[in-house]
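Close look at the chain arrangement
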Amino acid sequence: VLAAYYLEQTVSNRQGELDAIPIDEEVKERDEQDEALKGKYDELTEWNVLRYWAKVVLGLSVTTMIMSCYLVQLFASDCFSDFEITSTIDQHLEGDWKKLVKPTGVVAIVLLLLSCLLLYIFRQCAMEKANHLISTCSEVSSHPSSLEITTNYARHETMS
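Notes on the structure follow.

Conventions used here
Residues numbered from 1 in each chain as written. Predicted model: local features only at pLDDT ≥ 70, side-chain atom pairs only at ≥ 80, totals over all residues. Heavy atoms only, no water. Helix = DSSP H or I, 4+ residues; strand = E, 2+ residues; numbered from the N terminus. Buried < 20%, exposed > 50% of the residue type's maximum accessible area, 1.4 Å probe, protein only. Contact = heavy atoms within 4.5 Å. Areas by Shrake-Rupley, 256 points an atom, 1.4 Å probe, with all protein chains shown as cover. Phe/Tyr/Trp six-rings, centres within 6.5 Å; stacked < 30°, edge-to-face > 60°. Salt bridge = Lys/Arg side-chain N within 4 Å of Asp/Glu carboxyl O. Core = buried A, V, L, I, M, F, W, Y, C linked by side-chain atoms within 4.5 Å. Expected span 1.5 Å × (residues − 1). Arc of directions from axis to C-beta. Polar contact = N/O pair within 3.5 Å; in protein donor to acceptor, adjacent residues only side chain to side chain.

Counting its regular elements, the protein contains eight helices and zero strands. Starting at the N terminus and walking to the C terminus, you meet the elements of the protein as α-α-α-α-α-α-α-α. Residues counted as buried form 19% of the 160 residues belonging to the protein. A fraction of 67% describes how many contacts in the protein between residues 6 or more apart in sequence connect residues 24 or more apart. Looking at the protein as shown, the accessible area adds up to about 11,900 Å², and 61% of this sits on carbon and sulfur atoms.

A few words on the environment of Lys102. Position of Lys102 relative to the elements: it lies in the loop between helix H6 (89–92) and helix H7 (103–139). Accessibility expressed as a relative area gives 31% for Lys102, which makes it partly exposed. Between the alpha carbons of Lys102 and Asp78 there is a distance of 6.6 Å; along the sequence they are 24 residues apart. Beyond its immediate sequence surroundings of up to four residues, Lys102 is in contact with Ser77, Asp78, Cys79, Phe80 and Ser81.

As enumerated under the stated definition, the model contains one aromatic pair in all. Here Tyr5 and Tyr6 contribute two aromatic rings whose centre-to-centre distance is 5.3 Å and whose plane-to-plane angle is 70°, an arrangement assigned as edge-to-face. Residue classification places Tyr5 among the partly exposed positions, given a relative accessible area of 45%.

Bringing the pattern of salt bridges into the picture now. Using the criterion set out here, one finds four salt bridges in the structure. A salt bridge links Lys38 to Asp42; the shortest N-O distance between them is 2.8 Å. In this pair, Lys38 and Asp42 are both assigned in helix H3 (residues 25–44), four residues apart and thus about one turn of the helix distant. Judged by its relative accessible area of 47%, Lys38 falls in the partly exposed class. Using a relative accessible area of 35% as the deciding quantity, one classes Asp42 as partly exposed. With a closest N to O distance of 3.8 Å, Glu43 and Lys40 form a salt bridge. Separated by three residues within a single helix, Glu43 and Lys40 lie in helix H3, roughly one turn from each other.

This next bit is on the nonpolar core. If you look at the biggest cluster of nonpolar residues, it comprises 12 residues: Leu37, Tyr41, Leu44, Leu50, Ala54, Val57, Leu58, Leu118, Phe122, Ala126, Ala130 and Leu133. The set of elements that each furnish at least two residues to this core consists of H3, helix H4 (52–74) and H7. With five residues, H7 is the largest single contributor of residues to this core. Among all residues touching Ala130, those that are not within four sequence positions of it are Leu37, Lys40, Tyr41 and Leu44.

Its 20 residues give H3 an end-to-end C-alpha distance of 28 Å, which sits within 8% of 28 Å, the value for a rise of 1.5 Å per residue. Within the span of H3, buried status applies to Leu37, Lys40, Tyr41 and Leu44. Axial view of H3: buried residues confined to an arc of 100°, hence all on one face. With respect to the buried face of H3, the exposed residues turned more than 90 degrees away are Glu25 and Glu35. Here H3 starts with a cap whose side-chain oxygen sits 3.1 Å from the backbone nitrogen of Glu26, and that cap is Asp24.

Relative to the helices and strands, Thr64 resides in helix H4. Thr64 gets classed as buried once you look at its relative accessible area, which sits at 8%. In this structure the side chain of Thr64 is engaged in a polar contact, spanning 3.0 Å, whose partner is the backbone oxygen of Ser61.

Right under this line is the structure:
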């Protein structure tokens, strides 16, 4: 907190020097590209424009995550063996570390991993679509009517 105070103090006292530093054009261009990509991604992932399969993938991801959390919270003793920081594998798990996770725990872990995988698939598909639309926009930027068509396409034709 103290470092943030002194940083803010220095920035406000030396604002003129900071303003005199030229902006790195490559960094500025990359920031603009990233902002455009984020905007397109946000546009594509709005619930009301998602295709049915994308909603199913997200729904399954949430459902498997909820199931995993409920299993671990409500049936913790059925998921994992009692094990403390002072416990040893030899004494408390009969020398087999795999006995730490019970079959219900394996199910909870698999559900968690499945949820993460489904979310990853959704995000990758959305990001690919956003990248494709951004590159299409940059290719036709000299033709404003084409840019308008591409933007409208993004609104109506989401993650295929």
